[in-house]
Structure formats: structure tokens, C-alpha cells
Amino acid sequence: MGLEVHAQLLTKSKLFCGDSTSFGADPNTQVGVISLAHPGTLPKLNKKAIELAIKLGLTLNCTIEKSNYFARKNYFYPDLPKGYQISQHTVPICKGGNVKILTNKAIPLNRIHIEEDAGKSIHDIDENYTCIDLNRAGTPLVEIVTEPAIHSSEDAFLFLTELRKTLRWLDVCDGNMEEGSMRCDANISIRLKGEKTLGKRVEVKNLNSIKNVKRAIEIEFERLIGLTENNQQIIQETRSFDADKNITFSLRSKEDADDYRYFADPDLPPFHISESDLEGIKNSIPELPEQLKDKYISMYQLSEYDASQICIDKEDVVFFEDLIKETNHYKAIVNWMIGPIKHYCNEKNISIKSFPLSIKKIAELINFTESGKVSFSNASIKVLPYLLENPQKNPEEVTYSLNLLKESNNDTLEIWIEEVLNSMPEKVKEYKKGKKGLMGMFAGEVKKKSNGKADMQLVNQLLLEKLK
Ligand code: MN
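Analysis parameters
- Along each chain, numbering runs from 1 in the same order as the chain's sequence is written.
- Confidence filtering applies because this is a predicted model: local features only for residues at pLDDT of at least 70, side-chain atom pairs given and counted only at 80 or more, and all residues used for totals across whole chains, interfaces and linings.
- Side-chain figures throughout are based on the complete set of non-hydrogen atoms in the structure, without hydrogens or water.
- Here a helix means four or more residues in a row that DSSP labels H or I, a strand means two or more in a row labelled E, and each is numbered from the N terminus.
- For each residue, the accessible area found with a 1.4 Å probe, counting protein chains only, is set against the maximum for its type, and the residue is called buried under 20%, exposed over 50%, and partly exposed in between.
- Under the counting rule used here, the positive set is Lys and Arg, the negative set is Asp and Glu, and His together with the chain ends is not counted.
- Every case where a carboxyl oxygen of Asp or Glu lies within 4 Å of a side-chain nitrogen of Lys or Arg is listed as a salt bridge.
- Two N or O atoms form a polar contact when they lie within 3.5 Å of each other; inside protein one atom must be a possible hydrogen donor and the other a possible acceptor, and for residues adjacent in sequence the pair counts only when both atoms belong to side chains.
- Atoms of type N, O and S within 2.8 Å of a metal are treated as its donors, and for Na, K and Ca the window is 3.2 Å; water is not considered, so some sites may appear to be missing partners.
- The criterion is simple. A nonpolar core is a set of buried Ala, Val, Leu, Ile, Met, Phe, Trp, Tyr and Cys residues joined through side-chain atoms within 4.5 Å.
- When checking whether two residues touch, look at their non-hydrogen atoms; a contact exists if any pair is within 4.5 Å.
- As defined here, a cavity is a set of points on a 1 Å grid over the protein atoms alone where a 1.4 Å probe fits but cannot get out. A pocket is an open set with protein on both sides within 12 Å along at least five of seven lines, and residues line them when an atom is within 4 Å of a point.
- Grid points are joined across faces, edges and corners, and a volume is the space filled by probe spheres set on the points.
- Asp, Glu, Lys and Arg are counted as charged, while Ala, Val, Leu, Ile, Met, Phe, Trp, Tyr, Cys and Pro are counted as nonpolar; the rest, among them Gly, fall into the polar class.
- For every domain, the bounds stem from an assignment made automatically or drawn from a database.
- Strand pairing requires that DSSP identify at least two bridges connecting the strands.
- By buried area we mean the combined loss of accessible area, with a 1.4 Å probe, across both parts when two parts are placed together.

1. Some details on the side chain of Lys14
No. 1: By the element assignment, Lys14 lies in the loop between strand S1 (2-8) and helix H1 (47-59).
No. 2: Despite being buried, Lys14 has no salt bridge partner; Asp19 is the closest side chain of opposite charge, sitting 4.1 Å away.
No. 3: At 2.8 Å, the side chain of Lys14 forms a polar contact with the backbone oxygen of Gln30.

In C-alpha cells, the structure reads:
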């Protein structure tokens, strides 16, 4: 398989004019004379689009083609106002490169080129007519083309997941497949074991989620094998995936390669990327998840697991980086972030950057909890919600006023332990006969009795002595 991914670049305006690219506007409201291809209009290149494409290419280890030009790709389609698409032909902005999908596996890329998007044909509004919305016409895209080097639906899934993560991390594309800002076509062919040449190629289009790409590949793969085993011909064609019926169906046959009559667009001068442009773009690339993960492991002694949890999302990284400016309890920061804070955000359906408590206040709570005066469970279950309601209070006040100060007095702890052990003599007998796993239950009962306030390290110590 080879995959082609079209990704909309996150520019404010279109590739060759100032029309807005924002999603969801009323149809045909973001269409100036250039988007509409009025005669006599001239395109002008949006520099930001080039920068974003190069940013992606450098991150994916591509070679950047510095002397460059745009070409016309001629074909007729109702939502393509000019009758041609401005694209790149012989010199894609990025050549080669790869996307790492596992530590020891990378999918090689053939190229990444820049081109403009077409408008949208809408077939399901009117009974008799196709409606055309040209808002999207002229929106900048990168087309990312892999080598035909993907051999399983699982690898295709991992490739798209990693690619989308990178696009989002770099702020190159929002990666929203449902809204069409990232689209994937799959070219699939099979060959018998031992054969050198691949069979006829089938292209599957209209795949609107990563999961659907995986499903469509599996279904198409089965279909191609079925045809071959029944001695039937595979037709070179373009097919579409119907996710509800779980089938692919033919859109059009593709006997010969299309003749696009490419030539350099005479309305746009060739462009050149200077060394200093390249240097500037290189410097704008943020640290990548893998690099950050390694940094966090070595600088803050986080485990591999904890570090990778923080590095899934860029927002988490920003949150973590803000917190380490206020407190150096790094492991505790991770526990709070992936525990109570994430939990709260999921429940309220907000992103972590909208968490209502200030970074300073969260750091205070972490520091106070780490000082040992309140247990983590009471801090997260009782103090945190109280602080969310009363953000002007501080964690220490709240702990005192809710009577949650950790109990470390031996005499008090021993009374609770005594009560717990007396209430379950059978269990104590079992423990003494060797059922050591019961220790956790005894400790849990003491914790309950203390209202979560007992210093559990001390409790475990005292329990061990008592049960000897
Ligand atoms: Mn394309």
C-alpha cells in the first residue's frame, strides 16, 4: 500500500489571495475574485504556507527543494473554478523523509508538495442539482505521499496516528478528519507469494477517520484476494468506502494514467528558499514529544511511563512546564495531572489549559500535600474540590478547616489499629497462619476509620509490629 494524505495548512488566508480559510462560514462567503477565477486576476503566494510545509518536512527528515516553482495541473471539475489546480510537479517542496511509527520502524515518504484545494460539491441538499460551495477553493494543502511500503492495515493506522500527532504538534494542520482538514486515500495492490511484480492498483477514497482507513484497507484486501482466488480480473479503478455497509464500491475506472498536461504557472514567479529562511524555520520547530520524553526522564527522574503520559498532548507539556517553574515535586506533578486534574477535565469536557485553578494554587496544593500534612487521597478528593469552589483560600487553611490534617500521633493510630484488629479476629488468625495479603485490607480499614487522615506509612509499620 501507499497512502496519500491531504492536510490543510493552518494559515489565516488562502494560498494565493487574502480570502479567509476559517471553517464553517456560510457557503460562498469567503470567495473573492481570485478564488472565483475571474479573468485578469493574478495569484500572489502566501509565504506562511511555504513555511508550514517546510516545518513539516524538516521534522520528517525530508530534503527541502530550495529552487522551486508552481505548476498547473489541468483537469475539469465543477468545483474547480479555474479549470486547473495550482500544484507542484517536478520539484515538490520536500523530498524523501519518513514517519517513525515504532522505535525501530519508519514508513518512508516519497514527497510532500504544496497545492491549493478545490471547492466542495454537495449532492444531498437539492433533489435535482448539485450545490457548489467555493469557500474551500484555494485553501493551502500539503499532499504527503508515502512510498508503496506499507504492508499491513495496522501499520497504516500507526502511520496516520503518528502523522496527525506531528501535524498538530507543529501547528501545521488541525488534523480534523471529520471536518475534512486531513484526508487520506489508499492505493492498494496485492501479489502472490514469491511474485516480484504487484498486481493492478486500486485506489480507495473518502476515508474520514483513521479507523475507517484501517477498516477499508482490510475489506479491500479481502476483496482483491477473493477475486484472485476465483481467477477473476482486478480492475484498475477508484473506489469509495461505505462505512455503514462495510463495503467498498466502484466510483470510476482508471484504465490509463490521467493526462494533466502540467506546465509551470506563468502567473507565479519561481521562488527560492534562502539558507536564512531555512534557519529561521528550523528554529521555530518546537521540541518534539520523543525529545521531551527523554529530557523529562533524565532531568526530572520520571519513569518512561510517566514521561510519555505528559508528552501525548502539547497542552499537557505546557501545563507541566508551567508547574515545574513553581514546584520541584516532579513525580507528584505527574500524579496530579494524570489523576485528579485530568479526571476533572474529562468530567467537565474541557481541555487542561482551561482547568480553573491557577498554576500557583495547584503548585501550593502539591507542595502542601508533599509536606506530609495531608494525605494525597484527602487532598485530591476533598481539598481540591473545595479550592475549586473557593479559589481565594489556600490549601493549608482548607485542610485545617475541613479537619483533614494527617494523623501521625502513634497513640491515636494504635487505638484505631486496635479497634480494627479486634473487630475481625478470624482474619487476624488467617494472617498469622500465613495469609499475608490481608495486610492491605487491615490498612484500608484503619484508613477508613481515620476518615482518610491516618499517616499510612506509620500505620503499615505499626500493623506489622502488632501482628508479629
Ligand atoms: Mn492532491
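2. Comments concerning the coordination of the manganese ion
No. 1: Protein coordination at the manganese ion: the donors are His6 (NE2), Glu115 (OE) and Glu143 (OE), at 2.0 to 2.2 Å from the metal.
No. 2: Sequence spacing among the residues donating to the manganese ion works out to H-x108-E-x27-E. Placement of the pair is His6 in strand S1 and Glu115 in strand S8 (residues 105-116), with a sequence separation of 109 residues. In this structure, His6 and Glu115 share a single accessibility class: buried.

3. Considering the nonpolar core
No. 1: Among the nonpolar cores identified, the biggest contains 60 residues, and Leu56, Ile93, Ile112, Val142, Phe159 and Leu160 are the most heavily contacted of them.
No. 2: Once residues lying within four places of it in the same chain are set aside, the contact partners of Val142 are Val5, His6, Ala7, Leu9, Ala53, Leu56, Ile112, His113 and Ile114.
No. 3: Listed in part, the 36 residues of the second largest apolar core include Tyr296, Ala307, Cys311 and Ala363.

4. Brief notes about the layout of surface pockets
No. 1: What the second largest pocket holds in volume is close to 700 Å³.
No. 2: Lining the second largest pocket are 22 residues, and of these Lys100, Glu162, Lys165, Pro289 and Glu290 sit closest to its centre.
No. 3: Among the elements that make up the lining of the second largest pocket, the one with the highest residue count is strand S7 (residues 98-102) (five residues).
No. 4: Split into classes, the residues belonging to the lining of the second largest pocket amount to 10 nonpolar, seven polar and five charged.
No. 5: Residue-level mapping places the lining of the second largest pocket at the junction of two domains, with at least three residues from each of domain 1 (2-278) and domain 2 (286-401).

5. Focus: the pairing of S1
No. 1: For S1, a buried count of seven out of seven residues is recorded, marking the element as mostly surrounded by other parts of the structure.
No. 2: Neither face of S1 is left uncovered, since the one carrying Gly2, Glu4, His6 and Gln8 and the one carrying Leu3, Val5 and Ala7 both have all their residues buried.
No. 3: Taken together, the six bridges between S1 and strand S12 (residues 182-188) define a ladder with antiparallel strand orientation. Looking at the pairing, Leu3 lines up with Ala186 of S12.
No. 4: Looking at chain direction, S1 and strand S11 (residues 140-146) are connected through five bridges and run antiparallel. Following the sheet pairing, Val5 is matched in S11 by Ile144.

6. Notes on empty space enclosed by the protein
No. 1: Enumeration according to the criterion identifies one cavity of 30 Å³ or more in this entry.
No. 2: Taken as a whole, the largest cavity encloses approximately 30 Å³ of empty space.
No. 3: Lining of the largest cavity is provided by Arg201, Val202, Glu203, Gln236, Glu237 and Lys254.
No. 4: A breakdown of the residues in the lining of the largest cavity according to their chemical character gives one nonpolar, one polar and four charged.

7. Re the pattern of salt bridges
No. 1: The final tally for this structure, using the stated rule, is 31 salt bridges.
No. 2: Arg136 is paired through a salt bridge with Asp117; the nearest N and O atoms lie 3.3 Å apart. Of this pair, Arg136 sits in the loop between strand S10 (131-133) and S11 while Asp117 sits in the loop between S8 and strand S9 (120-122); the two residues are 19 residues apart in sequence, bridging distant segments of the chain.
No. 3: Residue Arg136 is classed as partly exposed on the basis of its relative accessible area, which comes to 21%.
No. 4: Take Asp117: its relative accessible area is 6%, and that puts it in the buried class.
No. 5: For the salt bridge of Glu418 with Lys466, the shortest nitrogen-to-oxygen distance reads 3.8 Å. Of this pair, Glu418 sits in helix H12 (residues 410-423) while Lys466 sits in helix H15 (residues 456-466), and the two are 48 residues apart along the sequence.
No. 6: Exposure remark for Lys466: the relative accessible area of 34% places this residue in the partly exposed category.

8. Examining the environment of Leu462
No. 1: Inspection of the secondary structure puts Leu462 in helix H15.
No. 2: By relative accessible area, which is 7% here, Leu462 ends up buried.
No. 3: Expressed as a C-alpha distance, the spacing of Leu462 and Lys325, which sit 137 residues apart in the sequence, is 38 Å.

9. Overview of the domain arrangement of the protein chain
How big an interface is tends to be expressed through the accessible area that disappears when the partners come together.
No. 1: Along its sequence, the protein chain is carved into domain 1 (2-278), domain 2 (286-401) and domain 3 (410-467).
No. 2: Look at where the C-alpha atoms of domain 1 and domain 2 centre, and you get two points 40 Å apart.
No. 3: Opposite the six residues of domain 1 that make contact, domain 2 presents 10 residues.
No. 4: Both faces considered, domain 1 and domain 2 share a buried interface measuring about 630 Å² in area, 72% of it formed by carbon and sulfur atoms.
No. 5: In terms of surface lost to domain 2, no three residues of domain 1 exceed Thr59, Lys165 and Trp169, which account for 81% of the buried area on that side.
No. 6: Summed over the shared surface of domain 1 and domain 2, the result is one salt bridge.
No. 7: One salt bridge in this structure joins Asp171 and Lys314, with 3.1 Å as the shortest N-O distance.
No. 8: Looking at the side of domain 1 that touches domain 2, the elements with two or more residues in it are H1 and helix H2 (153-169).

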